[in-house]
Amino acid sequence: MSADVEVASVEQAEDDEFSPHTINTDDPFPIDPHSPVEERQFTLRAVLVGCALGAIIAASNVYLGLKTGWTFGASLFGSIFGFAILKPLSTSAPSYLGGGYFGPKENTIVQSAASAAGSLGLLFTSGFPAAYQLGLLSTPSQDIGRLFTFTICCAFFGLAFSIPLRKFYILKLKLVFPSGVAAAYTIRSLHVGKNAARDAKRKTKALILAFSFAITLRVVSEYAPGVLWDWHLFYTLSRIGWTSAIRAESWGWIWEWTPAFIGAGMLTGINASYSFLGGVRFGTDLVFVLMAFGIPANENVPGYMNYASMLLTDPVNRPSPRYWLVWPGTLMLLCTSFAEVGCNWKSIYAAIRTMVSSVTERFHKQPLGANAPDSKDEIVDPVPTDERVPLWMWGSVLVLSVILSCVVMAVQFGQNVGVTLLAIIFAFLFSFIGCESSGRTNINPVTSIGNASQLVFGGVGKGQYYSVKRGELLNSLSGMLALGTSPHTLLMHLLTPSFLNPSRRCGTRSTAHLLRSSPKAVFGGQLCGAIVSIFMAAGVYVVFSTAYPCINDLGYVTCSFPTPDVQSWRAVAVAVSSPTLPIPPSSGYTAIGLGIAAVLSVVAKYTIVPPKYHAFVPNFNAIGIGFIMNVSTYPLAMFFGSTIAFMWRRTAPTHYHTFCFAIAAGFIAGEGLGGIVNAVLTIAGVSGAVYGTNVGCPGDVYCG
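Procedures and definitions
Per chain, residues are indexed from 1 in the order of the written sequence. Where local features are concerned, this predicted model is filtered to residues with pLDDT of at least 70; where side-chain atom pairs are given and counted, the filter is 80 or more; whole-chain, interface and lining totals use all residues. Excluding hydrogens and water, the side-chain figures rest on all heavy atoms present in the structure. Geometry is summarised by axes, namely lines fitted to C-alpha atoms with helices restricted to the contacting stretch, and by angles between N-to-C directions that run from 0 to 180 degrees. Secondary structure counts use DSSP, requiring at least four H or I residues in a row for a helix and at least two E residues in a row for a strand, with both numbered from the N terminus. The labels follow the angle: roughly parallel below 35 degrees, roughly antiparallel above 145, roughly perpendicular from 65 to 115, and oblique for the rest. Helix crossings fall into two classes, left-handed where the near helix is turned counterclockwise from the far one by less than a right angle and right-handed where it is turned clockwise. Here, residues are in contact when the closest pair of their heavy atoms is within 4.5 Å. Charged residues are taken to be Asp, Glu, Lys and Arg, nonpolar residues to be Ala, Val, Leu, Ile, Met, Phe, Trp, Tyr, Cys and Pro, and polar residues to be all remaining types, Gly included. Whether two aromatic rings pair depends on their centres lying within 6.5 Å, for rings of Phe, Tyr and Trp, where Trp uses its six-membered ring; planes under 30 degrees apart make the pair stacked, over 60 edge-to-face, and the rest tilted. Buried, partly exposed and exposed residues are distinguished by accessible area as a fraction of the type maximum, computed with a 1.4 Å probe on protein chains only: under 20%, between the cut-offs, and over 50%, respectively. The rule for a charge over a ring is simple: NZ of Lys or CZ of Arg within 6 Å of the ring centre, and within 35 degrees of the ring normal. As a per-residue quantity, pLDDT reports the predictor's confidence and falls between 0 and 100. Here, a salt bridge means any side-chain nitrogen of Lys or Arg that lies within 4 Å of a carboxyl oxygen of Asp or Glu. Each residue after the first adds 1.5 Å to the expected span of a helix. Take the seven residues that end at a residue and the seven that start at it, fit an axis to each, and the angle between those axes is the bend at that residue. The rule for a disulfide is simple: a pair of cysteine sulfur atoms within 2.5 Å. Nonpolar cores are built from buried Ala, Val, Leu, Ile, Met, Phe, Trp, Tyr and Cys residues. Side-chain atoms within 4.5 Å join them into one set. Under this definition, polar contacts are N or O atom pairs within 3.5 Å; protein pairs additionally need one hydrogen-donor-capable and one acceptor-capable atom, and for neighbouring residues in sequence, both atoms have to be side-chain atoms.

## Describing the packing of helix 13 (residues 321-343) against helix 23 (residues 620-629)
Next up, step 1: Taken N-terminus to C-terminus, the directions of helix 13 and helix 23 make an angle of 165°; their axes are 7 Å apart at the nearest point. In terms of axis orientation, helix 13 runs roughly antiparallel to helix 23. Crossing angle aside, the handedness with which helix 13 passes helix 23 is left-handed. Residues Arg-322, Leu-325, Val-326, Pro-328, Gly-329, Thr-330, Met-332, Leu-333, Thr-336 and Ser-337 of helix 13 lie in contact with helix 23, whose contacting residues are Phe-620, Asn-621, Ile-623, Gly-624, Ile-625, Phe-627, Ile-628 and Met-629.
Next up, step 2: In the contact of helix 13 with helix 23, the residues fall into 11 nonpolar, six polar and one charged.

## Some points on the packing of aromatic side chains
Aromatic ring pairs are reported here in terms of the distance separating the ring centres and the angle at which the planes meet.
Next up, step 1: Evaluation of the coordinates by the stated rule reveals 23 aromatic pairs.
Next up, step 2: Ring geometry for Phe-148 and Phe-535: centres 5.2 Å apart, planes at 55°, overall tilted. Taken together, the residues Phe-148 in helix 5 (residues 144-172) and Phe-535 in helix 20 (residues 519-547) connect sequence positions 387 residues apart.
Next up, step 3: The class of Phe-148 is partly exposed, set by a relative accessible area of 22%.
Next up, step 4: Between Trp-255 and Trp-257, the aromatic rings sit 5.3 Å apart at their centres with planes inclined by 80°, giving edge-to-face as the arrangement.
Next up, step 5: On the basis of relative accessible area, Trp-255 is assigned to the buried category, the value being 17%.
Next up, step 6: One aromatic cluster is present, built from ring pairs that chain together Phe-124, Phe-128, Tyr-132, Phe-150, Phe-413 and Tyr-541.
Next up, step 7: Its end group placed over the ring of Trp-229, Arg-218 keeps NZ or CZ at 4.0 Å from the ring centre.

## Some remarks on the confidence of the model for the chain
Next up, step 1: Looking at the chain, pLDDT values average 76 and 76% of them are 70 or higher.
Next up, step 2: Mean pLDDT per element in the chain: strand 5 (residues 490-491) is the minimum at 47, and helix 24 (residues 633-651) is the maximum at 91.
Next up, step 3: Taken together, the stretch residues 1-25 has pLDDT below 50 and engages in 95 contacts with residues farther than four places along the chain or on a different chain.
Next up, step 4: Segment residues 367-377: pLDDT under 50, and 10 contacts once partners within four positions in sequence are set aside and those in other chains are kept.

## Describing the pattern of salt bridges
Next up, step 1: Throughout the structure, instances matching the rule amount to four salt bridges.
Next up, step 2: Where Arg-218 meets Glu-222, a salt bridge forms, and the shortest distance between an N and an O atom there is 3.6 Å. Per residue, the accessibility class of Arg-218 equals that of Glu-222, and both read buried.

## Description of helix 2 (residues 75-92)
Next up, step 1: In this model helix 2 runs 26 Å from its N-terminal to its C-terminal C-alpha over 18 residues, within 8% of the 26 Å that 1.5 Å per residue would give.
Next up, step 2: Approximately 30° is the largest bend angle found in helix 2, and it occurs at Phe-83.
Next up, step 3: Three or more residues of helix 2 are buried, namely Ser-75, Leu-76, Phe-77, Gly-78, Ser-79, Ile-80, Phe-81, Gly-82, Phe-83, Ala-84, Leu-86 and Ser-90.

## Quick notes on the state of the cysteines
Disulfide: a covalent bond connecting the sulfur atoms of a pair of cysteines.
Next up, step 1: For the structure shown, the criterion picks out zero disulfides.
Next up, step 2: For Cys-153, which is in no disulfide, the shortest distance to another cysteine sulfur is to Cys-154 and amounts to 6.4 Å.
Next up, step 3: Cys-153 gets classed as buried once you look at its relative accessible area, which sits at 1%.

## What about the nonpolar core?
Next up, step 1: Counting 122 residues, the largest nonpolar core has Phe-77, Leu-123, Phe-128, Phe-150 and Phe-544 as its most contacted members.
Next up, step 2: Ranked by residue count, the leading element in this core is helix 20, at 12 residues.
Next up, step 3: The residues contacting Phe-544, other than those within four sequence positions of it, are Ala-59, Val-62, Tyr-63, Leu-66, Ile-551, Phe-561, Gly-675, Ile-676 and Ala-679.

## So, the environment of Phe-213
Next up, step 1: Looking at where Phe-213 falls in the secondary structure, it is placed in helix 7 (residues 196-220).
Next up, step 2: On the basis of relative accessibility, which here comes to 47%, the residue Phe-213 falls in the partly exposed class.
Next up, step 3: The spacing of Phe-213 and Gly-670 is 457 residues in sequence and 7.5 Å in space, taken between C-alpha atoms.
Next up, step 4: Setting aside anything within four residues of it in sequence, one finds Phe-213 in contact with Pro-259 and Phe-667.

## Let's talk about helix 21 (residues 564-577)
Next up, step 1: When the terminal C-alpha atoms of helix 21 are compared, their 20 Å separation across 14 residues agrees well with the 20 Å that a helix rising 1.5 Å per residue should span.
Next up, step 2: Helix 21 sits mainly inside the fold: 14 of its 14 residues count as buried.

## Looking at the environment of Ser-212
Next up, step 1: Mapped onto the fold, Ser-212 is located in helix 7.
Next up, step 2: A residue is classified by how much of its surface remains accessible, and Ser-212, at 31% relative accessible area, is partly exposed.
Next up, step 3: Remark: the alpha-carbon pair of Ser-212 and Gly-670, spanning 458 residues in sequence, is separated by 6.5 Å.
Next up, step 4: For Ser-212, the side chain forms a polar contact with the main-chain oxygen of Ile-208, separated by 2.8 Å.

Laid out in structure tokens, this is it:
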């Protein structure tokens with residue numbers, strides 16, 4: 001699932017003559033008459049800095065995705081940090097060392113390269129760990145070659161999809177893509193206006209301080225987790241006399257000082273974060289009433305139980321609470337996402353119809369009768385012809401990607417070429433869902449898109465009479481192809497802070513549209529960033545898997561990574577491939593009831609509830625993730641962050657608009673990179689588990 005940045009946050013408080021309150025976000029920003037003409041957009045310095053910053057976000061996203069299933073794009077981080085690096089360089093260095101004017105269009109290329117470089121982490125926070133948990137692959141270190149080649153398959157054809165989608169979703173429908181618009185305003189505020197230099201310096205300083213604080217806290221707290229990171233308040237209360245408080249500790253009600261998820265809450269807003277926390281609380285209460293099969297967490301602490309394991313000794317009759325909650329959570333995700341699509345079916349149908357007409361017109365030199373759009377609906381592209389991405393360019397990327405995907409899937413995974421082509425077709429169709437959802441609501445249902453593909457290819461496997469294991473591998477790999485394509489479309493808006501698909505690429509292109517950047521230059525930056533993402537995401541996943549083997553092995557009773565997306569992915573893979581559904585009856589009935597409630601909620605939002613009250617409609621995507629996670633630490637941190645941001649925005653809007661994005665982006669990137677440092681320390685044998693203190697941890701057992 002992707003981050004949900006509030007639409008209102010794009011209304012930056014600027015004091016120049018180009019106030020954003022007077023700008024129509026359908027059209028590009030007005031040209032600043034005081035700014036020099038940018039002769040260069042796609043530059044070596046922009047690509048190198050963007051890819052480096054995207055690599056940091058790629059590492060952060062693997063860490064954050066394994067923790068909570070939420071990932072974030074590099075748009076805000078790349079925009080501000082890229083400015084902080086290149087603006088001083090542009091004025092102090094000679095031209096041959098990277099000097100020369102640095103403007104908003106080149107800043108957009110930095111951000112687009114960063115967004116692409118940080119986009120592929122979702123593969124390694126859902127599908128691949130699930131495949132290892134099911135025993136379908138060997139080990140990440142042994143499979144590193146296959147991980148790289150599969151990632152290559154996903155890296156480019158989603159990028160090619162985003163080019164034709166741009167024309168419909170941005171130029172015709174003029175969807176907002178809130179994250180992309182927010183990033184565009186952020187870049188513009190760094191370069192344009194009477195106080196741009198002052199504000200840019202303040203934002204940069206805030207981002208650097210937040211980044212430094214987060215990475216330092218994450219590394220240092222590893223050596224005293226019970227004091228600096230996790231506060232086990234209910235355990236402490238149980239030790240001083242309130243013995244029943246240990247139940248809350250058993251159900252995971254722990255306060256965690258996690259900058260990343262405090263920052264995530266600052267970005268996502270109160271609707272998503274409050275729904276997320278509500279989902280965890282509701283799920284906890286539900287399983288406590290219906291069933292509570294746990295195991296002792298520490299025999300030296302009476303009443304201290306572990307309800308978070310995924311042991312499947314008897315999943316139907318004696319399921320663990322976490323396994324029981326996976327099914328309602330997964331169905332809520334699917335029902336919510338596809339209810340959103342159903343409520344917007346007309347625009348999706350129009351998008352497909354327009355694209356088909358464009359293709360036939362290109363080959364037949366004129367529109368074909370009734371299938372062609374009316375002349376009044378003709379889409380006018382304001383970009384000069386020489387700056388557009390030509391058909392041969394994105395078409396060749398698409399064709400080569402399809403050929404490579406067929407070869408890799410056949411040679412390395414034994415998958416039929418026809419099945420691979422079918423997976424790519426579904427990936428393209430599902431990219432409409434990603435663009436539609438992220439463009440209208442800023443929620444990109446990436447995991448749900450992958451799960452839907454799993455359902456389709458589970459049926460294909462059964463039709464071919466595949467064995468259970470072969471069927472699980474087929475639906476997992478095919479689902480990941482759709483998953484990998486979906487974030488690349490998000491980059492259409494160019495600055496969407498979220499997850500790996502065409503809808504994210506759509507967000508990138510929206511930013512470029514507003515800032516009048518060259519689509520061809522943006523496309524080049526994304527191609528370079530995609531190359532970095534291939535090696536960065538897979539490499540970081542191998543590092544984490546080596547340091548924390550519980551990620552890929554269900555045999556561990558406890559794990560530092562709850563991996564909610566992995567559990568959902570594995571559950572769907574098993575369900576669609578098994579002869580009988582391994583679902584506890586009470587869990588199945590609950591899933592159906594909550595799935596219906598999710599659909600009714602979405603329908604009511606579009607038919608009954610006025611738009612100004614949409615923020616008060618429960619977000620069943622977030623509720624579903626709360627069910628699957630069944631851990632309160634991250635929802636509480638997001639609740640805290642979103643509440644702080646809400647109050648900050650109400651009481652000091654100018655300071656909020658100046659600092660909120662920068663601080664949140666620094667928190668997210670800093671903790672993610674700190675997690676990488678801790679993983680390396682663990683592999684080296686010098687982590688907090690070896691040299692840290694147990695003070696503040698339940699039962700005097702290290703809790704880092």
